[in-house]
Amino acid sequence: MTEYKCFSCNKEIKDQYIKKKVRCIYCGAKIIFKARTTPTKVKAR
Ligand SMILES: [Zn+2]
C-alpha cells in the first residue's frame, strides 16, 4: 500500500483518497508526494 504526503500541510494521505482526484483531503493542495513507508527495495515480478 502506497501512502502519500501533502507537500503543503505534510499530512499523510492514503492512496484510496486520491484515486479519483489527486488532492489533499485536508487542505486541498494539489501537490502530493509519495511517503517512504517501506525500505527502498525493488520487487521483481
Ligand atoms: Zn494538505
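Draft legend 1. How the structure looks around the overall build of the protein chain. For the protein chain, the count of helices and strands is zero helices and three strands. Helices and strands appear in the protein chain in the N-to-C order β-β-β. Of all 45 residues assigned to the protein chain, the portion counted as buried reaches 4%. For the protein chain, contacts bridging at least 24 residues in sequence account for 28% of all contacts bridging at least 6.

Draft legend 2. Summary view of the environment of Lys5. Here Lys5 lies in strand β1 (residues 3-6). Using a count of 18 C-beta atoms within 10 Å as the deciding quantity, one classes Lys5 as partly exposed. Residues Lys5 and Lys34, spaced 29 residues apart in sequence, show a C-alpha to C-alpha distance of 6.1 Å.

Draft legend 3. Inspection of the environment of Glu12 at higher detail. Note on placement: Glu12 falls in strand β2 (residues 12-14). With 21 residues separating them along the chain, Glu12 and Phe33 place their C-alpha atoms 9.8 Å apart. Among residues more than four places away in sequence, those in contact with Glu12 are Glu3, Lys5 and Ala35.

Draft legend 4. Local environment of the pairing of β1. Pairing analysis gives three bridges linking β1 to β2, with the strands arranged antiparallel. Each bridged residue has a counterpart across the sheet, and for Tyr4 the counterpart in β2 is Ile13. The hairpin formed by β1 and β2 contains five residues between the paired strands, and Asn10 there has a positive phi angle of roughly 65 degrees. Bridge count for β1 against strand β3 (residues 32-34) is three bridges, and the pairing is antiparallel. The residue bridging Tyr4 from the neighbouring strand is Lys34, located in β3.

Quick notes on the rules
- Residues numbered from 1 in each chain as written.
- Predicted model: local features only at pLDDT ≥ 70, side-chain atom pairs only at ≥ 80, totals over all residues.
- Helix = DSSP H or I, 4+ residues; strand = E, 2+ residues; numbered from the N terminus.
- Buried ≥ 20, exposed ≤ 12 C-beta atoms within 10 Å, placed from the backbone.
- Contact = placed C-beta atoms within 7 Å.
- Pairing = 2+ DSSP bridges.

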